[in-house]
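Analysis of the macromolecular model
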Amino acid sequence: MNPPTITPDGIAHLRTITNEYGVLARDALVDVAVEDHVVPGPTGAPDVVVTVLRAEESGRAEPRAGLLHIHGGGMVAGHRMVGLDWALEWMGAVPMVVASVEYRLAPEHPHPAPVEDCYAAFTWLADHADELGIDPGRIVVEGGSAGGGLAAGLSLMARDRGVPPPAAQMLICPMLDDRARTPSSTELDGEGLWDRTSNATGWSALLGPAAGGPDVPSYAAPARADSLAGLPPAYVDAASVETFRDEAVEYATRLWHAGGQAELHVWPGGFHGFDSVAPTAVLSRDARAARVNWIRRTIGRQA
(Lines give C-alpha, C1' and ligand atoms only; values in the text may rest on other atoms or scores of the structure.)
Protein backbone atom coordinates (compact mmCIF):
# COMPACT_ATOMS: atom_id res chain seq x y z
CA MET A 1 0.00 0.00 0.00
CA ASN A 2 2.82 2.40 0.81
CA PRO A 3 4.74 3.88 -2.11
CA PRO A 4 8.49 3.64 -1.52
CA THR A 5 9.04 7.35 -2.12
CA ILE A 6 7.10 10.14 -0.39
CA THR A 7 7.59 13.69 -1.64
CA PRO A 8 5.98 16.73 -0.01
CA ASP A 9 3.03 16.60 -2.37
CA GLY A 10 2.47 12.97 -1.38
CA ILE A 11 1.97 13.60 2.35
CA ALA A 12 -1.82 13.79 2.00
CA HIS A 13 -1.83 10.41 0.23
CA LEU A 14 0.38 8.91 2.94
CA ARG A 15 -2.04 10.13 5.58
CA THR A 16 -4.91 8.45 3.77
CA ILE A 17 -2.99 5.18 3.73
CA THR A 18 -1.88 5.31 7.35
CA ASN A 19 -5.39 6.16 8.50
CA GLU A 20 -6.21 2.56 7.65
CA TYR A 21 -2.88 0.76 7.97
CA GLY A 22 -2.20 -1.17 11.17
CA VAL A 23 -5.18 0.39 12.92
CA LEU A 24 -6.58 -1.40 15.93
CA ALA A 25 -10.36 -1.20 15.90
CA ARG A 26 -11.93 -0.38 19.24
CA ASP A 27 -14.57 -3.08 18.81
CA ALA A 28 -11.78 -5.67 18.56
CA LEU A 29 -10.51 -4.88 22.04
CA VAL A 30 -12.20 -7.69 23.97
CA ASP A 31 -11.79 -7.47 27.76
CA VAL A 32 -9.83 -4.23 27.38
CA ALA A 33 -11.25 -0.98 28.72
CA VAL A 34 -10.63 1.98 26.40
CA GLU A 35 -10.80 5.55 27.69
CA ASP A 36 -9.98 8.82 25.95
CA HIS A 37 -8.51 11.59 28.09
CA VAL A 38 -7.95 15.22 27.14
CA VAL A 39 -4.80 16.30 28.95
CA PRO A 40 -3.11 19.70 29.23
CA GLY A 41 -0.88 20.39 26.27
CA PRO A 42 2.38 22.33 26.20
CA THR A 43 2.26 25.90 27.44
CA GLY A 44 0.28 27.99 24.97
CA ALA A 45 -0.61 24.98 22.83
CA PRO A 46 -3.81 22.92 22.44
CA ASP A 47 -4.68 20.08 24.79
CA VAL A 48 -3.58 16.57 23.85
CA VAL A 49 -5.79 13.50 23.47
CA VAL A 50 -4.49 10.31 25.09
CA THR A 51 -6.20 6.93 24.71
CA VAL A 52 -5.70 4.60 27.69
CA LEU A 53 -6.00 0.81 27.38
CA ARG A 54 -6.38 -1.32 30.48
CA ALA A 55 -7.26 -4.98 30.80
CA GLU A 56 -10.52 -5.51 32.65
CA GLU A 57 -9.51 -7.76 35.52
CA SER A 58 -11.54 -8.15 38.67
CA GLY A 59 -9.89 -8.25 42.06
CA ARG A 60 -6.53 -6.88 40.92
CA ALA A 61 -5.23 -4.32 43.40
CA GLU A 62 -1.49 -4.02 42.82
CA PRO A 63 -0.27 -1.30 40.46
CA ARG A 64 0.69 -2.31 36.93
CA ALA A 65 3.47 -1.22 34.66
CA GLY A 66 2.76 1.70 32.33
CA LEU A 67 3.66 2.26 28.70
CA LEU A 68 3.36 5.41 26.60
CA HIS A 69 2.93 4.45 22.94
CA ILE A 70 3.99 6.96 20.28
CA HIS A 71 2.87 6.06 16.76
CA GLY A 72 5.00 6.20 13.63
CA GLY A 73 4.35 7.95 10.34
CA GLY A 74 7.49 9.85 9.39
CA MET A 75 6.50 12.86 11.56
CA VAL A 76 3.80 13.66 8.98
CA ALA A 77 1.16 10.91 9.23
CA GLY A 78 -0.53 8.41 11.54
CA HIS A 79 -2.66 8.64 14.66
CA ARG A 80 -2.86 7.19 18.14
CA MET A 81 -4.65 3.95 17.20
CA VAL A 82 -1.88 2.92 14.79
CA GLY A 83 0.56 0.34 16.13
CA LEU A 84 -1.45 -0.67 19.18
CA ASP A 85 -1.39 -4.31 18.06
CA TRP A 86 2.14 -4.35 19.49
CA ALA A 87 0.83 -3.04 22.79
CA LEU A 88 -1.84 -5.73 23.03
CA GLU A 89 0.87 -8.38 22.75
CA TRP A 90 2.80 -6.75 25.56
CA MET A 91 -0.31 -6.39 27.73
CA GLY A 92 -0.75 -10.15 27.40
CA ALA A 93 2.78 -10.75 28.64
CA VAL A 94 3.00 -8.18 31.45
CA PRO A 95 0.10 -6.57 33.32
CA MET A 96 0.28 -2.98 32.14
CA VAL A 97 -1.70 0.14 31.33
CA VAL A 98 -1.02 1.52 27.84
CA ALA A 99 -1.51 5.17 26.91
CA SER A 100 -1.27 6.30 23.27
CA VAL A 101 -0.79 9.97 22.42
CA GLU A 102 -2.29 11.95 19.55
CA TYR A 103 0.58 14.32 18.83
CA ARG A 104 0.44 17.11 16.26
CA LEU A 105 1.92 16.37 12.84
CA ALA A 106 4.33 18.28 10.61
CA PRO A 107 4.45 20.28 8.41
CA GLU A 108 1.42 22.07 9.85
CA HIS A 109 2.97 21.68 13.31
CA PRO A 110 6.78 21.61 13.05
CA HIS A 111 9.24 20.99 15.86
CA PRO A 112 8.84 21.29 18.81
CA ALA A 113 5.10 20.56 18.62
CA PRO A 114 5.28 16.73 18.21
CA VAL A 115 7.83 16.03 20.95
CA GLU A 116 6.29 18.57 23.33
CA ASP A 117 2.90 16.88 22.92
CA CYS A 118 4.51 13.53 23.74
CA TYR A 119 6.27 15.02 26.75
CA ALA A 120 2.96 16.45 27.97
CA ALA A 121 1.37 13.00 27.68
CA PHE A 122 4.26 11.40 29.58
CA THR A 123 4.15 13.87 32.45
CA TRP A 124 0.36 13.48 32.64
CA LEU A 125 0.71 9.70 32.78
CA ALA A 126 3.30 9.93 35.56
CA ASP A 127 1.31 12.53 37.51
CA HIS A 128 -1.87 10.42 37.33
CA ALA A 129 -0.22 7.05 37.92
CA ASP A 130 -2.12 6.35 41.13
CA GLU A 131 -5.57 6.91 39.69
CA LEU A 132 -4.67 4.90 36.58
CA GLY A 133 -3.35 2.02 38.67
CA ILE A 134 0.24 2.43 37.43
CA ASP A 135 3.49 1.97 39.30
CA PRO A 136 5.23 5.31 38.54
CA GLY A 137 8.62 3.61 38.70
CA ARG A 138 7.75 1.26 35.83
CA ILE A 139 6.69 3.52 32.96
CA VAL A 140 8.26 2.82 29.56
CA VAL A 141 8.15 5.20 26.60
CA GLU A 142 7.91 3.37 23.29
CA GLY A 143 7.58 4.19 19.64
CA GLY A 144 8.27 2.90 16.19
CA SER A 145 9.90 4.83 13.34
CA ALA A 146 9.08 8.51 13.94
CA GLY A 147 7.57 7.41 17.25
CA GLY A 148 10.90 5.89 18.22
CA GLY A 149 12.65 9.18 17.52
CA LEU A 150 10.05 11.03 19.59
CA ALA A 151 10.45 8.53 22.45
CA ALA A 152 14.20 9.16 22.40
CA GLY A 153 13.69 12.94 22.26
CA LEU A 154 11.22 12.73 25.16
CA SER A 155 13.79 10.80 27.22
CA LEU A 156 16.41 13.47 26.57
CA MET A 157 13.89 16.16 27.48
CA ALA A 158 12.97 14.47 30.77
CA ARG A 159 16.64 14.12 31.67
CA ASP A 160 17.42 17.76 30.94
CA ARG A 161 14.31 19.14 32.63
CA GLY A 162 14.96 17.18 35.81
CA VAL A 163 11.66 15.28 35.97
CA PRO A 164 11.53 11.61 37.01
CA PRO A 165 12.61 9.83 33.84
CA PRO A 166 10.95 6.87 32.16
CA ALA A 167 12.04 3.52 33.54
CA ALA A 168 13.13 2.57 30.01
CA GLN A 169 12.82 3.59 26.37
CA MET A 170 11.82 1.24 23.57
CA LEU A 171 13.02 2.51 20.20
CA ILE A 172 11.72 0.36 17.35
CA CYS A 173 13.38 1.18 13.99
CA PRO A 174 13.74 4.76 15.26
CA MET A 175 14.01 7.93 13.16
CA LEU A 176 16.89 9.70 14.91
CA ASP A 177 19.07 11.72 12.54
CA ASP A 178 18.18 14.35 9.95
CA ARG A 179 21.67 14.58 8.45
CA ALA A 180 21.58 11.62 6.01
CA ARG A 181 25.24 10.92 6.75
CA THR A 182 25.29 7.12 6.97
CA PRO A 183 25.32 4.53 4.17
CA SER A 184 21.90 3.15 5.10
CA SER A 185 20.33 6.63 5.10
CA THR A 186 21.05 7.06 1.38
CA GLU A 187 21.31 3.60 -0.18
CA LEU A 188 17.57 2.94 -0.61
CA ASP A 189 16.18 4.89 -3.55
CA GLY A 190 12.74 4.06 -4.90
CA GLU A 191 12.41 0.85 -2.91
CA GLY A 192 11.32 -0.25 0.55
CA LEU A 193 8.75 1.52 2.72
CA TRP A 194 10.77 4.65 3.55
CA ASP A 195 13.59 5.53 1.18
CA ARG A 196 16.04 8.43 1.29
CA THR A 197 13.62 10.83 -0.42
CA SER A 198 10.85 9.96 2.03
CA ASN A 199 13.26 10.53 4.89
CA ALA A 200 14.21 13.95 3.54
CA THR A 201 10.51 14.77 3.18
CA GLY A 202 9.79 13.86 6.79
CA TRP A 203 12.71 15.79 8.23
CA SER A 204 12.05 18.83 6.07
CA ALA A 205 8.42 18.85 7.19
CA LEU A 206 9.48 18.75 10.83
CA LEU A 207 12.44 21.15 10.66
CA GLY A 208 11.92 23.31 7.57
CA PRO A 209 15.08 24.78 6.05
CA ALA A 210 17.06 23.90 9.19
CA ALA A 211 16.99 20.19 8.28
CA GLY A 212 20.50 18.85 7.80
CA GLY A 213 22.10 22.10 8.95
CA PRO A 214 24.13 22.91 12.06
CA ASP A 215 21.37 24.21 14.32
CA VAL A 216 18.97 21.30 14.75
CA PRO A 217 18.11 20.61 18.42
CA SER A 218 18.60 17.15 19.86
CA TYR A 219 14.99 16.92 21.04
CA ALA A 220 14.03 16.91 17.34
CA ALA A 221 16.88 14.67 16.14
CA PRO A 222 18.23 12.73 19.16
CA ALA A 223 21.36 11.63 17.29
CA ARG A 224 22.43 15.28 17.58
CA ALA A 225 22.70 15.09 21.40
CA ASP A 226 26.16 15.96 22.71
CA SER A 227 25.84 13.35 25.45
CA LEU A 228 23.65 10.30 25.96
CA ALA A 229 24.69 9.93 29.60
CA GLY A 230 22.01 9.61 32.24
CA LEU A 231 19.34 8.17 29.96
CA PRO A 232 17.06 5.24 30.77
CA PRO A 233 17.92 1.72 29.60
CA ALA A 234 16.98 1.24 25.96
CA TYR A 235 15.75 -1.41 23.60
CA VAL A 236 16.84 -0.49 20.06
CA ASP A 237 16.10 -2.46 16.94
CA ALA A 238 16.20 -2.03 13.19
CA ALA A 239 16.15 -4.11 10.04
CA SER A 240 19.30 -4.72 8.02
CA VAL A 241 17.76 -3.28 4.84
CA GLU A 242 16.26 0.00 5.99
CA THR A 243 17.10 3.68 6.05
CA PHE A 244 17.37 3.85 9.86
CA ARG A 245 19.73 0.88 10.35
CA ASP A 246 23.02 2.71 10.86
CA GLU A 247 21.67 5.50 13.05
CA ALA A 248 19.97 2.95 15.31
CA VAL A 249 23.23 1.01 15.71
CA GLU A 250 25.15 4.22 16.36
CA TYR A 251 22.65 5.39 18.95
CA ALA A 252 22.87 2.13 20.90
CA THR A 253 26.66 2.26 20.70
CA ARG A 254 26.72 5.81 22.04
CA LEU A 255 24.45 4.77 24.92
CA TRP A 256 26.98 2.08 25.87
CA HIS A 257 29.88 4.49 25.55
CA ALA A 258 28.06 6.92 27.86
CA GLY A 259 27.73 4.25 30.53
CA GLY A 260 24.13 3.37 29.78
CA GLN A 261 22.33 0.14 28.95
CA ALA A 262 21.02 -0.84 25.55
CA GLU A 263 19.79 -4.03 23.94
CA LEU A 264 20.36 -3.86 20.19
CA HIS A 265 18.88 -6.07 17.46
CA VAL A 266 19.45 -5.77 13.72
CA TRP A 267 17.10 -8.16 11.97
CA PRO A 268 18.84 -9.77 8.96
CA GLY A 269 17.04 -9.34 5.66
CA GLY A 270 14.26 -7.30 7.23
CA PHE A 271 12.93 -4.05 5.77
CA HIS A 272 11.37 -1.08 7.55
CA GLY A 273 8.18 -2.24 9.27
CA PHE A 274 8.64 -5.86 8.21
CA ASP A 275 7.04 -7.32 11.32
CA SER A 276 3.86 -5.30 10.76
CA VAL A 277 3.66 -6.00 7.03
CA ALA A 278 4.40 -9.72 7.37
CA PRO A 279 3.63 -10.55 11.01
CA THR A 280 3.56 -14.33 10.55
CA ALA A 281 7.04 -14.57 8.97
CA VAL A 282 9.62 -16.34 11.13
CA LEU A 283 11.79 -13.21 11.35
CA SER A 284 8.78 -11.14 12.39
CA ARG A 285 7.83 -13.59 15.10
CA ASP A 286 11.42 -13.55 16.39
CA ALA A 287 11.47 -9.74 16.46
CA ARG A 288 8.18 -9.52 18.32
CA ALA A 289 9.27 -12.20 20.79
CA ALA A 290 12.50 -10.32 21.52
CA ARG A 291 10.50 -7.20 22.41
CA VAL A 292 8.18 -9.16 24.68
CA ASN A 293 11.15 -10.73 26.45
CA TRP A 294 12.79 -7.34 26.98
CA ILE A 295 9.57 -5.93 28.42
CA ARG A 296 9.28 -8.88 30.79
CA ARG A 297 12.83 -8.36 32.02
CA THR A 298 12.53 -4.59 32.25
CA ILE A 299 9.13 -3.93 33.84
CA GLY A 300 7.66 -7.39 34.41
CA ARG A 301 8.55 -7.59 38.09
CA GLN A 302 5.93 -6.72 40.63
CA ALA A 303 6.35 -3.52 42.67
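Just so it is clear, the structure is predicted and the values come from calculations on it, not from any experiment.

1. Structural notes on helix 7 (residues 196-207)
With 12 residues, helix 7 should cover 16 Å at 1.5 Å per step; its first-to-last C-alpha distance of 16 Å lies within 8% of that length. Where helix 7 is concerned, the buried positions are S198, N199, T201, G202, W203, A205, L206 and L207. Those residues of helix 7 hidden inside the fold are in contact with helix 1 (11-18) and helix 3 (113-127). N-cap assignment for helix 7: the residue whose side-chain oxygen lies 3.1 Å from the backbone N of T197 is D195. Positive phi appears at G208, one or two residues downstream of helix 7, with a value of about 65°.

2. Here's the deal with the sheet that holds strand 1 (residues 32-39)
If you walk across this open sheet you meet the 8 strands as 1-2-4-3-5-6-7-8, and the pairing is mixed. Looking at strand neighbours, the two that pair on one side only are strand 1 and strand 8 (262-271), the edges of this open sheet. Ignoring which end each strand starts from, the neighbouring axes of this sheet average 20° apart. In this structure, strand 6 (residues 168-172) lies alongside strand 7 (residues 234-241), joined through 4 bridges in parallel fashion. Looking at the pairing, I172 lines up with D237 of strand 7. Each of strand 6, strand 7 and strand 8 touches helix 8 (residues 245-257); the most contacted strand, strand 8, lies at about 165° to it. This element, helix 10 (residues 282-299), spans strand 3 (64-70), strand 4 (96-102), strand 5 (134-144), strand 6, strand 7 and strand 8 of the sheet and lies at about 170° to strand 8.

3. Notes on unusual backbone geometry
For the bond from A106 to P107, the omega torsion is 5°, close enough to zero to count as cis. Within the element layout of this structure, P107 appears in the loop between strand 4 and helix 3. Residue H111 is joined to P112 through a cis peptide bond whose omega torsion reads 15°. In this structure, M75 takes a positive phi of about 75° despite not being glycine. Inspection of the secondary structure puts M75 in the loop between strand 3 and helix 2 (84-93). Unlike most non-glycine residues, C173 shows phi in positive territory, near 40°. Looking at the element boundaries, C173 is found in the loop between strand 6 and helix 6 (183-187).

4. Focus on the state of the cysteines
Applying the stated rule across the entire model yields 0 disulfides. In this structure C118 is a free cysteine whose sulfur lies 16 Å from that of C173, the closest cysteine sulfur available.

5. Description of the nonpolar core
The biggest cluster of nonpolar side chains holds 62 residues, and the ones touching the most others in it are V50, L68, I70, V101, Y103, L125 and Y251. With 8 residues, the single largest contributor to this core is helix 5 (residues 146-161). Not counting residues up to four positions away in its chain, the partners in contact with V101 are V48, V49, V50, L68, H69, I70, H71, R80, D117, C118 and A121. Among the nonpolar cores identified, the runner-up in size contains 28 residues, and W90, M170, Y235 and V292 belong to it.

6. Observations concerning the pairing of strand 2 (residues 48-55)
Each regular strand displays side chains that alternate between the two surfaces of the sheet. With 6 of its 8 residues buried, strand 2 lies for the most part within the structure. Alignment of strand 1 against strand 2, held across 8 bridges, turns out to be antiparallel. Among the inter-strand pairings, V34 is bridged to a residue of strand 2, identified as L53. Here strand 2 runs beside strand 4; their pairing, made up of 6 bridges, is antiparallel. Across the sheet, R54 pairs through a bridge with V97, a residue of strand 4.

Rules and cut-offs
- Each chain has its residues counted from 1, running along the sequence as written.
- Only residues with pLDDT of 70 or above have their local features reported here, since the model is predicted, and side-chain atom pairs are shown and tallied only from 80 upward, although totals for entire chains, interfaces and linings are computed over all residues.
- Note: side-chain values were computed over all heavy atoms of the structure, leaving out hydrogens and water.
- Runs of H or I in DSSP of at least four residues are treated as helices and runs of E of at least two as strands, each being numbered from the N terminus.
- By this rule, a helix spans an expected 1.5 Å times one less than how many residues it contains.
- Working definition: with a 1.4 Å probe on protein chains only, accessible area under 20% of the residue-type maximum means buried, over 50% means exposed, and in between means partly exposed.
- Contacts between residues were defined by any pair of non-hydrogen atoms, one from each residue, lying within 4.5 Å.
- N or O atoms within 3.5 Å of each other form a polar contact, as long as, within protein, one can give a hydrogen and the other can take it, and as long as residues adjacent in sequence are counted only when both atoms are side-chain atoms.
- Should DSSP find at least two bridges between two strands, the strands are regarded as paired.
- Note on geometry: axes are lines fitted to C-alpha atoms, helical ones only across the stretch in contact, with angles between N-to-C directions running from 0 to 180 degrees.
- The term disulfide is used for any two cysteine sulfur atoms that are within 2.5 Å.
- The criterion is simple. A nonpolar core is a set of buried Ala, Val, Leu, Ile, Met, Phe, Trp, Tyr and Cys residues joined through side-chain atoms within 4.5 Å.

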